[in-house]
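Read off the chains here:
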Amino acid sequence: GESVGLHLPTLSVQEGDNSIINCAYSNSASDYFIWYKQESGKGPQFIIDIRSNMDKRQGQRVTVLLNKTVKHLSLQIAATQPGDSAVYFCAENPPGGGNKLTFGTGTQLKVEL
Amino acid sequence: NAGVTQTPKFRVLKTGQSMTLLCAQDMNHEYMYWYRQDPGMGLRLIHYSVGEGTTAKGEVPDGYNVSRLKKQNFLLGLESAAPSQTSVYFCASSKATGQRYGYTFGSGTRLTVV
């Protein structure tokens, strides 16, 4: 039969508030993680990365937290702006060579004025 | 500096037709990838290449073939298109393991098979 498209989880925030986007990854042996931003009609764009020997990394207005105990990643965006509206994906680099990434299903961030 | 360029951007195929999607990168990256993106399913790896003349299967390789005759180009072929291959296709490239891992993505090809 015909498959039905799934709806992405959506996070709605007010402009100026902080946003937290969560992701559960699957492979406990993954040693590298990346957050991507995808705007409508465009390819994913690198935001920030973190290696498994770290639990926190900060960039410009963004912070990634890694909790290996529960296989959880989060992306925090400070002072969210309308230009932050997009779909956000986490990705993990599991062992196996080829630098392959496994992507999560994504979260739609909507910034309300 | 163009980064990763995909052609075409849009295409409509009839069931059973064939086509080739072209990906070109100008960053001298060793690794290249083809992903497909379907609603609510994130990106899934079709095939990838770790160097000129080498290719390997990803998560969803059936119905696709690839070739990497030159380091800068990675071609994705559909020999006999099916409606299930309606999707948005993304090419990406990266440096080899041991350096910055992040991918650079192209802008995508939206393919509809009717």
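Notes on the structure follow. (Residues numbered from 1 in each chain as written. Chains lettered and ligands numbered in written order. Predicted model: local features only at pLDDT ≥ 70, side-chain atom pairs only at ≥ 80, totals over all residues. Heavy atoms only, no water.)

**What about the overall build of chain A?**
Check the secondary structure of chain A and you find 0 helices and 10 strands. Along chain A, helices (α) and strands (β) appear in the sequence β-β-β-β-β-β-β-β-β-β when read from the amino end. A compact globule built from 113 residues would reach a C-alpha radius of gyration of about 13 Å, and chain A, at 14 Å, matches this within 12%. Oriented by its inertia axes, the alpha-carbon framework of chain A measures out at about 45 × 45 × 25 Å. For chain A, buried positions account for 42% of its 113 residues. Excluding contacts between residues fewer than 6 apart, the proportion of contacts in chain A whose partners are at least 24 apart in sequence is 53%. For chain A, the exposed surface amounts to about 6,000 Å²; the carbon and sulfur share of it is 47%. The centroid of the 10 positive side-chain charges in chain A is displaced by 7 Å from the centroid of its 10 negative side-chain charges. (Helix = DSSP H or I, 4+ residues; strand = E, 2+ residues; numbered from the N terminus. Rg over C-alpha atoms; globule rule 2.2 N^0.38 Å. Buried < 20%, exposed > 50% of the residue type's maximum accessible area, 1.4 Å probe, protein only. Contact = heavy atoms within 4.5 Å. Areas by Shrake-Rupley, 256 points an atom, 1.4 Å probe, with all protein chains shown as cover. Lys, Arg positive; Asp, Glu negative; His and termini not counted. Charge placed at Lys NZ, Arg CZ, Asp CG, Glu CD.)

**Looking at the packing of aromatic side chains**
What the rule picks out here adds up to 14 aromatic pairs over all chains. Between F103 of chain A and Y35 of chain B, the ring centres sit 5.3 Å apart and the planes meet at 85 degrees, which makes this aromatic pair edge-to-face. Placement of F103 of chain A in strand β9 (residues 102–103) and of Y35 of chain B in strand β4 (residues 31–37) is noted, with the two residues assigned to different chains. Ring geometry for F90 of chain B and F105 of chain B: centres 6.4 Å apart, planes at 85 degrees, overall edge-to-face. Of this pair, F90 of chain B sits in strand β9 (residues 87–94) while F105 of chain B sits in strand β10 (residues 104–105); the two residues are 15 residues apart in sequence, bridging distant segments of the chain. For F90 of chain B, a relative accessible area of 2% gives the class buried. Through a chain of ring-to-ring contacts, the aromatic side chains of Y36, F46 and F103 of chain A together with Y33, Y35, Y48, F90, Y103 and F105 of chain B assemble into a single cluster. (Phe/Tyr/Trp six-rings, centres within 6.5 Å; stacked < 30°, edge-to-face > 60°.)

**Brief notes about the pairing of strand β4 (residues 45–51) of chain A**
Residues and elements named next belong to chain A. As judged from the 6 bridges shared by strand β3 (residues 32–38) and β4, these two strands associate in the antiparallel manner. By the bridge assignment, F33 is partnered in β4 with I50. Between β3 and β4, which pair antiparallel and follow one another directly, the connecting turn spans 6 residues, one of which, G41, has a positive phi of 80 degrees. (Pairing = 2+ DSSP bridges.)

**With respect to unusual backbone geometry**
Across the junction of T7 of chain B and P8 of chain B, the peptide omega takes the value -5 degrees, indicating a cis bond. The phi dihedral of R61 of chain A is positive, around 70 degrees, even though this residue is not glycine. If you trace the backbone, R61 of chain A turns up in the loop between β5 (56–58) and β6 (62–67).

**Section: the interface of chain B and chain A**
Opposite the 24 residues of chain B that make contact, chain A presents 22 residues. Both faces considered, chain B and chain A share a buried interface measuring about 1,800 Å² in area, 58% of it formed by carbon and sulfur atoms. For the interface between chain B and chain A, the tally reads 0 salt bridges. On the surface where chain B and chain A come into contact, there are 8 residue pairs in polar contact (both at pLDDT 80 or more). Those elements that provide at least two residues to the side of chain B that touches chain A are β4, β5 (43–51) and β9 of chain B. Classifying every residue of the side of chain B that touches chain A gives 13 nonpolar, 9 polar and 2 charged. (Buried area = accessible area lost by both parts, 1.4 Å probe. Salt bridge = Lys/Arg side-chain N within 4 Å of Asp/Glu carboxyl O. Polar contact = N/O pair within 3.5 Å; in protein donor to acceptor, adjacent residues only side chain to side chain. Nonpolar A, V, L, I, M, F, W, Y, C, P; charged D, E, K, R; others polar.)

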